[in-house]
Amino acid sequence: MMKLALQRVWRPLRVREPFLVGLALSAGLLAIGSVAGWAGELAEAEPLTFERQIRPILRAYCWDCHGATAEPKGGLDLRLVRWAIRGGESGPALVPGDPDQSLLLRRIRDGEMPPGNHKVTAGEQQILEQWIRAGAPTARPEPEELPPGIGIAPEDRDFWSFRPIRRPPVPLPPMHGDRIRTPIDAFLLADMPEGLSFAPDADKQVLVRRVYLDLLGLPPTYEQVEEFLRDSSPDAYERLVDRLLASPHYGERWGRHWLDVAGYADSEGGAADAPRPWAYRYRDYVIRSLNEDKPFDQFVAEQLAGDELAGAKVGEWTDRQIELLSATGFLRMAPDATASDDSPENRYQALADTLRIVGSSLLGVTLHCAQCHDHRYDPIPQSDYYGLAAVFAPALDPQAWRRPSERLVSLYTEADRREAQRIEDEAQAVLQEKQQKLDQFLTEALEKELAKYDEPLRGMLREAVTTPADKRSDEQKQLLASHPNLNITPGVLYQYNQAAADELKKYDAKVAEIRAKKPAEMFVRALVESPGHLPVTRRLHRGDYRQPQEEIAPGFLQVLCPDAADAVIPLDDPQLPTSGRRLELARRICRLDNPLTARVIVNRVWMHHFGRGLVATPDDFGRLGSPPTHPALLDWLAHWFGTEAEWSLKRLHRLILLSTVYRQASQHPDALRLDPDNRYYSRKPIWRLEAEWIRDRMLFVSGTLAPQMYGPPAEVAEDETGKVIVPANERRRTIYLQVRRSRPVAFLQTFDAPGMEVNCPKREYSTSPMQALALLNDQFVLEQARRLALRVEREIPADGNDNEFLYRRAVRAWELALARRPDQREKKILSDFLKEQQQLYDNGGAPLPDQISAETQILTNVCQVLLSLPEFLYVD
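First things first, this report covers the structure right here in the doc.

A closer look at the overall build of the chain
Looking only at helices and strands, one finds 37 helices and eight strands in the chain. Each principal axis of the C-alpha distribution contributes one length, and for the chain these read about 120 × 85 × 55 Å. Of all 876 residues assigned to the chain, the portion counted as buried reaches 54%. Across the chain, every contact between residues at least 6 apart in sequence was considered, and the portion connecting residues at least 24 apart equals 70%. Looking at the chain as shown, the accessible area adds up to about 38,600 Å², and 53% of this sits on carbon and sulfur atoms. Considering the chain, the positive charge centre built from 111 side chains and the negative charge centre built from 128 side chains are found 2 Å apart.

Overview of the environment of Ala638
Locating Ala638 in the fold gives a position in helix 26 (residues 631–642). With 278 residues separating them along the chain, Ala638 and Ser360 place their C-alpha atoms 17 Å apart. In this structure, Ala638 is in contact with Ile165, Leu592, Ala598, Arg599 and Val602, ignoring residues within four places of it in sequence.

Regarding the nonpolar core
Core analysis: the largest hydrophobic core is formed by 173 residues, its most contacted members being Tyr237, Tyr282, Leu304, Phe330, Trp606 and Leu637. Here this core takes nine residues from helix 16 (residues 344–363), the largest share from any one element. Leaving out residues up to four positions away in the same chain, Tyr237 has contacts with Leu207, Val211, Phe228, Leu657, Leu658, Tyr662 and Arg663. Counting 26 residues, the second-largest nonpolar core is a separate cluster that includes Ala60, Val81, Leu94 and Leu104.

Some words on empty space enclosed by the protein
Under the defined criterion, the tally for this structure stands at five cavities of 30 Å³ or more. The calculated volume of the largest cavity comes to roughly 130 Å³. Listing elements by their share of the lining of the largest cavity, those giving two or more residues are helix 12 (248–262), helix 14 (296–310), helix 25 (597–610) and helix 27 (649–657). Residue composition of the lining of the largest cavity, by class: nine nonpolar, three polar and one charged. Empty space within the second largest cavity amounts to approximately 50 Å³. Around the second largest cavity sit Glu51, Arg55, Pro56, Arg59, Glu155, Asp156, Tyr377 and Arg623, which together line it. Of all the secondary-structure elements, those providing two or more residues to the lining of the second largest cavity are helix 3 (50–61) and helix 7 (154–157).

Description of the packing of helix 11 (residues 236–245) against helix 27
Across the interface, helix 11 lies against helix 27 with an axial gap of 11 Å and an inter-helix angle of 150°. On the basis of their axis angle, the class for helix 11 and helix 27 is roughly antiparallel. The crossing of helix 11 and helix 27 is right-handed. Between helix 11 and helix 27, the contacting residues are Tyr237, Glu238, Val241, Asp242 and Leu245 on the first element and Lys650, His653, Arg654 and Leu657 on the second.

Topic: the side chain of Asp675
Tracing the backbone shows Asp675 in the loop between helix 29 (671–674) and strand 5 (687–688). Residues contacting Asp675, with those up to four places away along its chain left out, are Leu196, Asp670, Tyr680, Tyr681, Ser682 and Arg683.

Examining the packing of helix 35 (residues 824–842) against helix 36 (residues 854–867)
For the pair helix 35 and helix 36, interaxial distance at closest approach is 10 Å and the crossing angle is 135°. In terms of orientation, helix 35 and helix 36 fall into the oblique class. Read as a crossing pair, helix 35 and helix 36 show a hand that is right-handed. Between helix 35 and helix 36, the contacting residues are Leu830, Phe833, Leu834, Gln837, Gln838 and Tyr841 on the first element and Ala854, Gln857, Ile858, Asn861, Val862 and Val865 on the second.

Remarks on the pattern of salt bridges
Using the criterion set out here, one finds 67 salt bridges in the structure. In this structure, Arg163 engages Asp158 in a salt bridge whose closest nitrogen and oxygen atoms are separated by 3.4 Å. Judged by its relative accessible area of 38%, Arg163 falls in the partly exposed class. In this structure, the salt-bridge partner of Glu871 is Arg209, at a minimum N-O distance of 3.6 Å. With Glu871 in helix 37 (residues 870–873) and Arg209 in helix 9 (residues 204–216), this residue pair connects regions lying 662 residues apart in the sequence. Each member of the pair, Glu871 as well as Arg209, is classed as buried.

Thresholds applied
Residues numbered from 1 in each chain as written. Predicted model: local features only at pLDDT ≥ 70, side-chain atom pairs only at ≥ 80, totals over all residues. Heavy atoms only, no water. Helix = DSSP H or I, 4+ residues; strand = E, 2+ residues; numbered from the N terminus. Buried < 20%, exposed > 50% of the residue type's maximum accessible area, 1.4 Å probe, protein only. Contact = heavy atoms within 4.5 Å. Areas by Shrake-Rupley, 256 points an atom, 1.4 Å probe, with all protein chains shown as cover. Lys, Arg positive; Asp, Glu negative; His and termini not counted. Charge placed at Lys NZ, Arg CZ, Asp CG, Glu CD. Core = buried A, V, L, I, M, F, W, Y, C linked by side-chain atoms within 4.5 Å. 1 Å grid on protein atoms, 1.4 Å probe; cavity = no way out; pocket = protein on both sides within 12 Å on 5 of 7 lines; lining within 4 Å. Points joined across faces, edges and corners; volume = space filled by probe spheres on them. Nonpolar A, V, L, I, M, F, W, Y, C, P; charged D, E, K, R; others polar. Axes fitted to C-alpha atoms, helices over the stretch in contact; angles between N-to-C directions. Parallel < 35°, antiparallel > 145°, perpendicular 65-115°, else oblique. Left-handed = near helix turned anticlockwise from the far one by under 90°. Salt bridge = Lys/Arg side-chain N within 4 Å of Asp/Glu carboxyl O.

The values are spatial; any link to function lies outside them.
As structure tokens, this is what we get:
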């Protein structure tokens, strides 16, 4: 009955966004076919040359053995055409003009090379054949010699993501100019095929719900929606956006996005998954920073080098220093299994995961692919990987590792220590009084027992008892062993004098009460360097810590620098008490002449507003990632963000939210024919709320969401079946729940909350039967439906007409859950549902829970339907 009602009450949203269902599949197909795809496109666009089309293929499949090492296998080095013609131990590998006689191509065709399962595709083989048949041309004269390794060619720097950011002119589309509100609209319209434009603007009721959920992760109330609908001023929407950006809930919503990328967790990972009791300070730092609209370049610098910016401790830590130390929690979010097993493998893995997080979050590159060898697809040599490892080595040195508990920075002040000592002195005075009492009671008990014996035995026993144990004679030891009742210790005093034992317990309680007044010692989970610690970093052969090779200097990615010398980062900054390496890295990352970071962050913000990024792979701007769908728009946004907007995330949000592309409706009459996949953004994508915001929204509409921000996380628990749940009395926003890597909350996991194995650059979304079952049966959903019903009953007291007040209550529940009133069709469906439910319970067709009236249960059923509607779970 309820399932049928669900179908009847819901106005279908008609989700028509294939990418929301198939984004992961699309990204996978793009990755698999990327090398062949871009090679084929280039082959059609221009003559084949070694540098542009052939070098990437050989890099991906051949150079690991025939170019990347000091001694290439079989004596064959394929980094230059003339070296391939010269060949190796098996003779010439390349015969220009004759593909069939070229050993390189023959071995590839036969499947002999490369070894293993990673084979050259048919499309790539065709490119090789065409190039050889054309005479194996090069784009320019080859150098006489090459330094060791794969190196970086001009063509590598010419890849779209490594090109300098230039601000393209804003286009002037010939049609639909009236739909342009921001430069974003102009770029998108200019790219649309003829006959296509944006959808009409969404109605105000849809728009206000959209922007509330997008910026705050919480819905507007019915009253707030009505207030916005009544506001007819031309800047009503702009003022709404500004007001929401100023809300403290903005930092909670958008802080969750950054915590995904940073890999935030309240546990260390590994087999033991030990707790991280102080990780929450980093979470709070992120929320506060976003609410302050801290410039993103500053935000990055503080996370990479907050301890270097904080300087040395003089007296007590200042609030600003504590903030900066908390920021470095970013570099302590990676799993660190050394908390329970301080093995070399776990040390190096913690460092590798930290580099992976830095690469995916700030640079959009897969650094980890260069840990064991030169990156097969992107211009990141293995030496660059270890150059970045050297930047972090003074603080993350596997040879002088500090376990998580050894890295905590105490916030105890001198005043705290004095107060703690004063309180401890008070406790010791009580303990001394207790000891005196204890000695008295023990003596009394002993005398009472001795009185049971006659002389001379009594005297002999007293002498034996009072003689120190190490000086007793054998006779005394034997005497006491035969009289165990005289072995009276504090632990057995109650057997001799229960009243005395009870009196002593009162002293213990008093001591505990006194010590509880001590100032609690707080800590920061931070990354700090040991003064003067400048370890040597070596390249690890195949990434194996047992095979260190040559020394590697600290450095940045060479492909982002004019030449290799510019990539070097100084070993030590004499102006700082620390090495200054991470601070210099932060400066380089956040300079606009670094082409990656500004592109990466604007793409990430765009992704969260539209469900997909202008680059569909937000953590991979390399050759295996997706190319931008709108490269000119991406570059314009990146340049504007780093210059005119001064790295302000809120200004970036505002620009996007005020655009027509954001404000348009999700339905478009021409979209299915001209833009079926919404590649041109001809309509606003519909997206499902993330797991955290589904829970938060349920708490919000039921009236039970706790307003408390910041502080230690709320611990999760297991129910009687072993399922991880949130305790019923915990009603804070989900961002404040404990994140245990090995204990994900079942309800959140059902709705695709990420498991933090390392970090989560991009969430995947699913639609599964388990989600429907959770909405029907999960105790949390049932409890929130009941609380929403009780809230409505408090707001609308019962009157004489049962049917009328129940209907008015159901309408109020609709207003609270969906922030709107039902239309005429929905009112009819709602009225029919109430009648069916009343008949069901009046006839005894369904049991009622204890102490729950039929009216309350009917209203609870209505509320559960409302909390399960697509309109509640999705954003139109």
